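Coordinate inspection notes
Residues per chain are reported as follows:
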Amino acid sequence: MHDFGAKALASTPSYALFLAETIKDSGLPREEFELKVGIFGAEPWTENMRKELEEKLGIKAYDIYGLTEIIGPGVGCECECQDGTHLWEDHFLPEIIDPETLEPLAPGEHGELVFTTITKEGMPMIRYRTRDLTSLHYEKCACGRTAVRMSRILGRSDDMLIIRGVNVFPSQVESVILEMPEFEPHYLIVVDRVNNIDTFQVQVEVKPEFYSDEINKLLELKKKITLRLQSVIGLQPDLKIVEPRSIERSQGKAKRVIDNRKLV
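Our subject in this report is the structure included herewith. (Residues numbered from 1 in each chain as written. Predicted model: local features only at pLDDT ≥ 70, side-chain atom pairs only at ≥ 80, totals over all residues. Heavy atoms only, no water.)

**Structural notes on the pairing of strand β2 (residues 37-40)**
Taking every second residue as pointing to the same face, the buried face of β2 carries G38 and F40, while none of V37 and I39 on the other face is buried. Relative to β2, strand β1 (residues 8-11) is paired through four bridges, and the arrangement is parallel. Bridge pairing links S11 to F40 in β2. Handedness of the crossover joining β2 and strand β3 (residues 60-67) through helix α2 (residues 47-57): right-handed. (Buried < 20%, exposed > 50% of the residue type's maximum accessible area, 1.4 Å probe, protein only. Helix = DSSP H or I, 4+ residues; strand = E, 2+ residues; numbered from the N terminus. Pairing = 2+ DSSP bridges. Right-handed = clockwise from strand over helix to strand, strands pointing away.)

**Regarding the layout of surface pockets**
Here the largest pocket defines a volume of roughly 1,100 Å³. In this structure, the largest pocket is lined by 41 residues; those nearest its centre are A42, E43, P44, R156 and K253. Mapped onto the lining of the largest pocket, the elements with two or more residues apiece are β3, β4 (72-78), β8 (128-134), β11 (155-156) and α3 (170-179). Among the residues forming the lining of the largest pocket, the class breakdown is 17 nonpolar, ten polar and 14 charged. (1 Å grid on protein atoms, 1.4 Å probe; cavity = no way out; pocket = protein on both sides within 12 Å on 5 of 7 lines; lining within 4 Å. Points joined across faces, edges and corners; volume = space filled by probe spheres on them. Nonpolar A, V, L, I, M, F, W, Y, C, P; charged D, E, K, R; others polar.)

Structure (structure tokens):
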């Protein structure tokens, strides 16, 4: 990127974070990089993650959406307003359904995204269930386009964790972590079952400037993020603060959850 003056980056958001760290470690001034724009997809990411990427890479970050079964990349993309992903209705008919009852939901309601292809010939899809949870908005965008806009993917209906009867999405954990300046945007959720009771551990990296050998300071950070997670999720996690750079970095889709439960 530095040598060739790359101006655009297309990747998963988690890999873009890895690249941001690599740029910092390289010792090369960020001002020498010519990156202007990032197009990120293939995994759910939050608005707070967008801010983190834009700040660390000095870019405008846009969400892109695609599915291998439908066409690959290009099913939809954000415009300059960054206010929802425009889905190209001349090629794909999107719907939102209740993932349990399969009944259609009204515009603006959150549910599972379903696609019917209009122009695809080789392998047309009729009401293909994506498992992605989102909502659709039909108001005209500030950019002037009238194509329906899809809100950010909350998660996948098959990725939702049910822990002690509470529905938990990794994106909820991510949004809390990225609200707090003391923590890096790298985390790991570990779920297990001990004596027939679900355990819920969240491992999160503290930034180097906030990492301390003083137990009281780490306990204060732990309490702060634990209370915030509990207020958002409705469940108190076993919060584990880990050293900087100790959580494995992803060069593809990030693995955020390890579920060790043996459910029979």
